[in-house]
Amino acid sequence: MQDPDPRVLARARAGDLTAFEDIVRLYQADVFRFAWHLVRDRSTAEDVTQEAFIRAFRFLRSYRGDSPFSSWIMRIVRNCAMDALRRQKSQVARHRDERPRAGSVADPVARAELDAALHAITPDHREPFLLIEVFGLSYAEAADVLGIRVGTVKSRMHRARQALCRALADDDAQEAR
Amino acid sequence: MNCERAQAAISERMDGERLPGRVAAAVDAHAVGCTSCRAFAERAAELRSAVRIRPAERIPDLMEPIMAQVARSTPPGRRFGGRPDRERWLRPIAAALLVGVVAGSVIVGGPWQSGGTRTTATAVDVGRGVRAAARHVEAYHAVFAITERGLSIDVPTRSLEAQLWFSAPGRYRLDVRDTTSYPSEAWTPTDLTYVQDGDATLRSGPSGCPSSLPPTRCPPTRTVTQERSPYAGAATSVADLVVPLDVLANPRGLAVERTGTVLGRPAVLVRMSFARAAPLFPFLQLGGTWRPFYEGDRVELWVDAADWSPLRWTVYPSQDATRAAWEMRFGRPSESPAIPILDVIATQSDHLRPTADRFALAGAAPQVPLDDLAARLGFHPVTPAATNELVLTGAAAPPTGRGSLQSVLTYSSGLTYLRVGERHRWTSPQPFGPVSADAEQVQVGEGVAYYEPAAGDLGRRLSIHTSDTNIYLETNLPRDQLLAVAASLPLTGTELPVAWRVQHGGDARTELLTLAQAKAGTSFGFDVPGTLPGGYVLASVQRAVVRGVQSVTLDLRQRDSDLGAGPIRIHLEAADALPPAASAHQITVPLGAVEARWIPAQARLEWVADGIYRSVDGPGIDLGTLAAVASSIEASA
């Protein structure tokens, strides 16, 4: 994930809405994707995405630049997603195993398998995997988002990889039978 | 070392962590003998490709509700920049897309909605977009994940990471790091570095390995080349990774497939042949070991519709029947056209200016103020009055090695450049600069100049000769703009001296002529073929007399670029029979009433009729097209 142009960021911090639009444009897709992976429900992910940007705008002045902007905003997304899940739990328990609708999907079967594997691993393992492998954060940045130590990120990332490799190997083996 | 620790280390290395030397060596040693750890490394690399390369999901466009809420939550005194409205926040995208390249996808719901399958873009629109973007990009940094398949049976898949930096004007750096887990230490990783600072370049990488040798037999030596070229030359070699100007500026040979979203960005998919896409693969030329590619292989390029940077490009084996012959010739297994053999994907990018030390290179020619340059040279270099809004960014007097002095002025804007070289004393019997003797003679103002299309590492070039001086221009501006710049120079080019155009050697005499001159003095009739592939024009005519036998050669070149297909060369000579076969592999092709011989290895179609031998050579051009050219020659004979 790329960080915004510092000049754009400075303007957005000063309250310039057009600059903030640039930031929304830059992160909207990644924020939605991360939110969807955390809440597994499309409409909740949309709510989380909106809430995350509104919170980001509100707290932009408190962002001091001591961590990359991308990890700062992903931390907000994660907090919003956790709040949404807590709200859901307190309401009627519901579980929708929904996937984002495919736009231009070259190999829907492979993608479905990957999504299934990704959601078969625990959230503790899934989050660092998504942040590092899909969104390109470093161990230190992922640790910052998740509020855990770098060493813990390393070991969770490794466990996630092992579990996913095993799951995909099992799928292949079943297919071969 | 046990498997658990080895796999943890493999995982860390994949994520860019630097392992201590001892640990790295122990992991590699363990992996050599451990099928489980090797399988883990392969699976993890496949997993990475799968998650990074999977197609874009449908992303909702939430800009409007977000900005509406943000505006509501902001006290009026604090906000500025006006009330956001949908039209305004689409404007930057629409402006960047230029001429409505993905206007279709905006209209049907915004580029963020992905899956836009309506294509309103044409190859011409894409060309305009990249040209405009190339002028404005000031800095760029990107990380690319490269996956190569089919290097060898032992190493079916390789993973590499490339990192690119650009800073205008004219500074580039490309680092390639090979992250493949090789079966043994006998393999040399393809770690490469390329740095360019103005006219100085550095290339460093493992010495290339001939395809006839297994990669494990190649000694792990590194080649480091540092050189200076007063001409742009290598300047274009990695520039297409910033904005694919060389590949996309000329619409010929491109097919715009559709628009969509890649890596969360609005993007345009363009399809072309591997030969046409060559500038997107500069790393293949920098050394190390790479699998071979067939020039007709299919390349699918997703280019960012906002800043025109390449987001993802993939090579698939061609379905062309001639690929099978190529596979046999190189002893390669048959490959499925559905499975990509090379994937390059931009995993990160930004437009922040890299620090100057990224490009630090000893030996770059010192830049001097224009006035000092005149004092040093003893003459005022000529400057064009019109530079197409490019500004002077460099002036140097690089040594020529022959004692005479020359100047090189560089004008640029973003990636777009124009170089003007000048030398008063120039005695070589050919145009000044890297322009060949058979370049196309073109009209410039009241005078003439010699033009060559872009080819390989060189841009479009023009050489101008006058009785006082010699000028060389090189640029990635389009041909008509180059000619306009040349027309604004305060001089009038003359034809090359007769002594340069006529060459003698033993019993042979060759001369460069105009078509009319050649027709007038040749014993047999000929003309420019009535059928030519689009974009080709007659560049030069050469007549030779060898031991009393007359022959004529016509060179036909593309107007803009040699990418994808080189010159077409037509040769005619008095003869009663075909010469001995130049290759064992040949095919007979009917051309009206006569039969021609097709030699694929030379891309040559040749036949004899009415006492004249005729041949048409067209590297990179398919047999059907060449046969149509040949038929039109035969029909008019």
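Please read all numbers here as calculations on a predicted model, not as lab measurements. (Residues numbered from 1 in each chain as written. Chains lettered and ligands numbered in written order. Predicted model: local features only at pLDDT ≥ 70, side-chain atom pairs only at ≥ 80, totals over all residues.)

Caption draft 1: Seen up close, unusual backbone geometry. Residues and elements named next belong to chain B. Backbone torsion omega between Ala168 and Pro169 reads -5 degrees, so that peptide bond is classified as cis. Tracing the backbone shows Pro169 in the loop between β2 (157-167) and β3 (171-178). Backbone geometry at Leu263 places phi at a positive 55 degrees, although glycine is not the residue there. Here Leu263 is to be found in the loop between β7 (255-262) and β8 (265-273). (Helix = DSSP H or I, 4+ residues; strand = E, 2+ residues; numbered from the N terminus.)

Caption draft 2: Seen up close, helix α2 (residues 17-39) of chain A. Residues and elements named next belong to chain A. The end-to-end C-alpha separation of α2 is 29 Å, well short of the 33 Å expected for 23 residues at 1.5 Å each. The buried fraction of α2 is high, at 21 of 23 residues. Backbone geometry just downstream of α2 places Arg40 in the positive-phi region, at approximately 60 degrees. (Expected span 1.5 Å × (residues − 1). Buried ≥ 20, exposed ≤ 12 C-beta atoms within 10 Å, placed from the backbone.)

Caption draft 3: Just the pairing of β8 of chain B, in detail. Residues and elements named next belong to chain B. In terms of burial, β8 is largely enclosed, as eight of its nine residues are buried. As paired elements, β7 and β8 share seven bridges and run antiparallel to each other. Counted as the bridge partner of Ala255 is Arg271 from β8. The hairpin formed by β7 and β8 contains two residues between the paired strands, and Leu263 there has a positive phi angle of roughly 55 degrees. By the bridge criterion, seven bridges tie β8 to strand β9 (residues 298-304) in an arrangement that is antiparallel. Within β9, the position partnered with Arg271 by the bridge is Glu300. (Pairing = 2+ DSSP bridges.)

Caption draft 4: Broad picture of the nonpolar core. Counting 69 residues, the largest nonpolar core has Val130, Val243, Leu248, Val270 and Val303 of chain B as the members making the most contacts within it. Sequence-distant contacts of Val130 of chain B, defined by excluding residues within four places in its chain, comprise Val243, Pro244, Leu245, Leu248, Ala249 and Trp308 of chain B. In this structure, Ala19 of chain A together with Ala31, Cys37 and Ile59 of chain B belong to the second largest nonpolar core, which totals 65 residues. (Core = buried A, V, L, I, M, F, W, Y, C linked by C-beta atoms within 7 Å. Contact = placed C-beta atoms within 7 Å.)

Caption draft 5: View of the environment of Ala249 of chain B. Inspection of the secondary structure assignment puts Ala249 of chain B in the loop between α8 (245-248) and β7. Apart from residues no more than four positions distant in its own chain, Ala249 of chain B is found in contact with Gly127, Val130, Arg131 and Pro478 of chain B.

Caption draft 6: Quick look at helix α7 (residues 123-136) of chain B. Residue and element names in this part refer to chain B. Taking 1.5 Å per residue, 14 residues should reach 20 Å; α7 reaches 20 Å between its end C-alpha atoms and fits that length. Among the residues of α7, Asp125, Val126, Gly129, Val130, Arg131, Ala133 and Ala134 are the ones counted as buried. Residues of α7 that are buried make contact with α8, β7, β8 and β14 (416-423).

Caption draft 7: How the structure looks around the packing of helix α6 (residues 123-134) of chain A against helix α7 (residues 139-146) of chain A. Residue and element names in this part refer to chain A. At a closest axis distance of 10 Å, the pairing of α6 and α7 adopts a crossing angle of 135 degrees. Here α6 lies oblique to α7, going by the angle between them. As for how α6 packs across α7, the hand of that crossing is right-handed. On α7, the residues touching Glu127, Pro128, Leu131 and Ile132 of α6 are Tyr139, Ala142, Val145 and Leu146. Residues belonging to the contact of α6 with α7 are distributed by class as follows: seven nonpolar, no polar and one charged. (Axes fitted to C-alpha atoms, helices over the stretch in contact; angles between N-to-C directions. Parallel < 35°, antiparallel > 145°, perpendicular 65-115°, else oblique. Left-handed = near helix turned anticlockwise from the far one by under 90°. Nonpolar A, V, L, I, M, F, W, Y, C, P; charged D, E, K, R; others polar.)

Caption draft 8: Seen up close, the pairing of strand β5 (residues 200-206) of chain B. Relative to β5 of chain B, strand β4 (residues 192-197) of chain B runs antiparallel, the two being bridged by five bridges. Of the residues in β5 of chain B, the one forming a bridge with Val195 of chain B is Leu202 of chain B.

Caption draft 9: The environment of Ala577 of chain B, seen in detail. Position of Ala577 of chain B among the secondary structure elements: in the loop between β23 (568-574) and β24 (587-591). Assessed through the 7 C-beta atoms surrounding it within 10 Å, Ala577 of chain B is described here as exposed.

Caption draft 10: Geometry of the packing of helix α1 (residues 6-13) of chain A against α2 of chain A. Residues and elements named next belong to chain A. Between α1 and α2, the least distance of the axes is 7 Å, while the angle of their chain directions is 125 degrees. Relative to α2, the element α1 is oriented oblique. The handedness of the crossing between α1 and α2 is left-handed. Only Ala19, Phe20, Asp22 and Ile23 of α2 make contact with α1, whose side of the interface consists of Val8, Arg11 and Ala12.

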